[in-house]
Amino acid sequence: MLVWAGTATFAATGALVAVRKRFDLFGVLVLAAVTAVGGGAIRDVVVGRLPPSNLTNEGLLWLVAATAVLTYLLRSRLDPESDLLYAFDTIGLAVFAALGAERGLGADLGMWGTVFAGAISGVGGGIIRDLLSGEVPGILYRSGDLYASAAAIGAATVYWSAAIDPSIAMLAGTLVTVGVRVGSRVLGLQLPVPRGTA
Amino acid sequence: MLVWAGTATFAATGALVAVRKRFDLFGVLVLAAVTAVGGGAIRDVVVGRLPPSNLTNEGLLWLVAATAVLTYLLRSRLDPESDLLYAFDTIGLAVFAALGAERGLGADLGMWGTVFAGAISGVGGGIIRDLLSGEVPGILYRSGDLYASAAAIGAATVYWSAAIDPSIAMLAGTLVTVGVRVGSRVLGLQLPVPRGTA
Amino acid sequence: MLVWAGTATFAATGALVAVRKRFDLFGVLVLAAVTAVGGGAIRDVVVGRLPPSNLTNEGLLWLVAATAVLTYLLRSRLDPESDLLYAFDTIGLAVFAALGAERGLGADLGMWGTVFAGAISGVGGGIIRDLLSGEVPGILYRSGDLYASAAAIGAATVYWSAAIDPSIAMLAGTLVTVGVRVGSRVLGLQLPVPRGTA
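Quick caveat: nothing in here was measured; it's all calculated off a predicted structure.

A.B. asks: How do you make sense of the pattern of salt bridges when you look at a structure like this?
C.D. replies: Opposite charge on two side chains makes pairing possible when the charged atoms of those side chains draw close. Applying the stated criterion to the full structure yields 15 salt bridges over all chains. Here aspartate 89 of chain A makes a salt bridge to arginine 181 of chain A, at a shortest N to O gap of 3.4 Å. Taken together, the residues aspartate 89 of chain A in helix α4 (residues 83–106) and arginine 181 of chain A in helix α7 (residues 166–187) connect sequence positions 92 residues apart. The burial state of aspartate 89 of chain A is the same as that of arginine 181 of chain A; both residues are buried. Measuring nitrogen to oxygen at the nearest pair gives 3.0 Å for the salt bridge that ties arginine 43 of chain B to aspartate 44 of chain B.

In C-alpha cells, the structure reads:
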C-alpha cells in the first residue's frame, strides 16, 4: 500500500519535471516511469534479480501510466512545493530505502552494499530523471533537508537492526528515514559543503 | 540482414554526432558503438540474458568499428539529413523494437515490460549517445515525427499480436513502427506538448 | 595491493571533482564511490557476475569512504595535477583494464567484448562521475595523453597474449596500458580529431 502511494508520488514528480521541460506526452510518460521504477530496477540489476520485479508488476505500471497522464492533464493545478507532495515523497523515499536494504541483505551484501541498495532504491529514479532532463542530479548538491543521506541512514538502520531483530528492521529503517528527513528540515540541518578550494 | 543494416546505420549516426562534437577517433568509435549496441545491451541486462548477445557477436562489432572509421573518413560527404539515412534508421528502429519485444515476451514480461524492452532496444543506444555528448536525449522532446513512440507502439503490437498468432508478431510489429514513423512525418502528426505551466 | 592503491586514487579523484563542484559531504562520498567502483560494477553486470564483486568487498568500500572523507578534509592541500596522483591514476587504470579484460575472457567474450570489459573497468567510473557532475565525459575529447584508448589497447593485449601464454597476459596488458599512456604524454601523441564538418 505504501509502495503504491510512493510509486505514484514519484511518477507525479517525474511527470512534473517533464512538463516544466516542455517534453511531449511521450517524454512525460518516460520521465514518470523512470522516476517511479528506475531506482528499484537498478537495485534489482545489482542484486541479480532479473528481470527487475517492478518491470513485471503490471498493476503498478498501469498506476504509473495513469498518474503520468493525470499529472499532465492537471499540470496547471499541481503545486510541486505542496506539503502533501512532500509528505508522500518522504514516505516513498523511506519505504523504498527500507525495501531496497532488505533486498540487499537477502543478496548477502555487506553493510556498504546494503546501504547502496537501499539508497539507490530511494533516489536512483530521481537521478535518472535528472540526467535525462539535462540537470545535475539534485541529490548531490541540493540543500534544504537531508534527502539521499536520509535514505542511506535508513538503509543502514535496516542493516544493523536486522542483526538484532529482523522483524522490526523494516519498520525501524522506514521511521529513521522519515525522522532524519523531517527532522533536518525542521531543524535546518545540512551537510557541510566544502569551503576553500581544490 | 535487416539487423546488420540497422546496426551499421545506428553506428553511423553515433559517429556523426561524435564528429560534430569534435571528439577524437576513440570518441567516434565509442559513440558509434554505444549507439549501435547500447539499446540491445540494456534490454539484455533487463531480461537477465548476460553477457548481452550483441557484445559476443564479433562479426557485428567489426561492422560497427568499420562503419565508425568509414564515417569518420567520409564525414564531409555524409548528410545526416539524407533520405537514405532516414530510411535505414527507420528500418533499424522498427526491427530492433520488434526483436526487443520478442525478447521481453520470452522473459515473461507483461505488456508494459514488453513495450519497455522493445522501445529501449530501438532508442536506448541513442539515449546513451546523447547523454555522453552532453545533450538532453532528443527522443524526449524532438518534434518532426514520432520516433520513440513509434517503437513503443510497434513493441505493443508484437505483444498483442503474439496472443493471436506468434508467427506474424514480428512482422506486424516491424510494419507498425515503420508505418507510425513515416505516417506521422507525412501527416505532420506530433504528440501534444504541455502548454500552461507546472 | 595495486587494486587497493588504484581504488583509493580513483576515489580521491572523484572526491576532488565533487569538492570543486561544491557538492555536500554526501555528494563527495557518492562521487568518490562511483568513480572507484562504478567501472568494475558495470563490467560485472555485463559479464553476469551479480552482485558485482566490488560491492561485496567491505574492506575496499571502507577504504573508499575513508579516502573520500580524507580528501574532503585535505582538499585545499591536494593538487589534482600532481605527478604522484598521475602515477597512481595510471597504475589504477592499467590494473583495472587488465583485470576487466581477464573477467571478459572468463565470460567467453570475444575480442571486442574483452576490450569493452577492460576499458569500461578502467574508465567507467570516471564516465559516471562526469555525467553526475554535469560534464561531457572527458575521455571522449580530452587531449594531453591517451587514456581510455590506453586502457583499450591494454585490454586487447590481455586478449591476444592469453592465446599465447595466459600466465603473462595480465602483466603484459598492465605494462602496455602504462606504456601507452606515459609514452603518449612524453611524445605528445594524440588521436586525430576531425577537421572539416559533418
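There's more to say after this.
A.B. asks: Looking at this model, I keep getting lost on the environment of leucine 61 of chain C. Mind explaining?
C.D. replies: The residue leucine 61 of chain C is located in helix α3 (residues 58–73) in this model. The spacing of leucine 61 of chain C and aspartate 145 of chain C is 84 residues in sequence and 30 Å in space, taken between C-alpha atoms. With residues near it in sequence (within four places) discarded, leucine 61 of chain C still touches Trp112 and Gly113 of chain A together with Val37, Asn54 and Leu55 of chain C.

A.B. asks: Would you mind showing me how to read the interface of chain C and chain A here?
C.D. replies: The extent of an interface is frequently quoted as the accessible surface area lost upon association of the parts. Listed per partner, the contact involves 28 residues of chain C and 31 residues of chain A. Around 2,500 Å² of area is buried between chain C and chain A when both sides are counted, 71% of it from carbon and sulfur atoms. Counting every contact that joins chain C to chain A gives zero salt bridges. Our count for the chain C to chain A interface comes out at four residue pairs in polar contact (both at pLDDT 80 or more). Elements with a contribution of two residues or more to the side of chain C that touches chain A: α1 (2–20), α2 (25–47), α3 and α5 (111–132) of chain C. Element by element, the count of residues in the side of chain C that touches chain A is highest for α2 of chain C, at six residues. Looking at side-chain class alone, the side of chain C that touches chain A contains 19 nonpolar, five polar and four charged residues.

A.B. asks: Help me understand the interface of chain A and chain B, please; the structure alone is not making it clear to me.
C.D. replies: Facing the 27 residues of chain A at the interface are 29 residues of chain B. At the boundary of chain A with chain B, total buried surface from both sides reaches about 2,500 Å², with 72% on carbon and sulfur atoms. Inspection of the chain A/chain B interface yields zero salt bridges. When the residues that make up the side of chain A that touches chain B are grouped by side-chain class, the tally is 18 nonpolar, five polar and four charged.

A.B. asks: How should the relation of the copies chain A and chain B be read in this particular structure?
C.D. replies: Related by rotation about an axis and a shift along that axis, the two copies of the chain form a pair. Superposition of chain A onto chain B requires a rotation of 120° combined with a translation of 0.0 Å along the rotation axis, giving an RMSD of 0.0 Å. Such a combination of rotation and displacement between the chain copies is what one expects of a three-fold axis. In this assembly, only 11% of the residues forming the interface of chain A have copies in chain B that are likewise at the interface, indicating a heterologous arrangement.

A.B. asks: Would you explain the nonpolar core in this entry?
C.D. replies: One recurring pattern in soluble globular proteins: nonpolar side chains tend to sit buried together. With 104 residues, the main nonpolar core has Ile139 of chain A, Ile139 of chain B together with Leu31 and Ile139 of chain C as its most contacted residues. Apart from residues no more than four positions distant in its own chain, isoleucine 139 of chain A is found in contact with Val123, Ile127, Tyr147 and Ala148 of chain A together with Phe26 of chain C.

What counts and how
Residues numbered from 1 in each chain as written. Chains lettered and ligands numbered in written order. Predicted model: local features only at pLDDT ≥ 70, side-chain atom pairs only at ≥ 80, totals over all residues. Heavy atoms only, no water. Salt bridge = Lys/Arg side-chain N within 4 Å of Asp/Glu carboxyl O. Helix = DSSP H or I, 4+ residues; strand = E, 2+ residues; numbered from the N terminus. Buried < 20%, exposed > 50% of the residue type's maximum accessible area, 1.4 Å probe, protein only. Contact = heavy atoms within 4.5 Å. Buried area = accessible area lost by both parts, 1.4 Å probe. Polar contact = N/O pair within 3.5 Å; in protein donor to acceptor, adjacent residues only side chain to side chain. Nonpolar A, V, L, I, M, F, W, Y, C, P; charged D, E, K, R; others polar. Least-squares fit on C-alpha atoms with pLDDT ≥ 70 in both. Core = buried A, V, L, I, M, F, W, Y, C linked by side-chain atoms within 4.5 Å.

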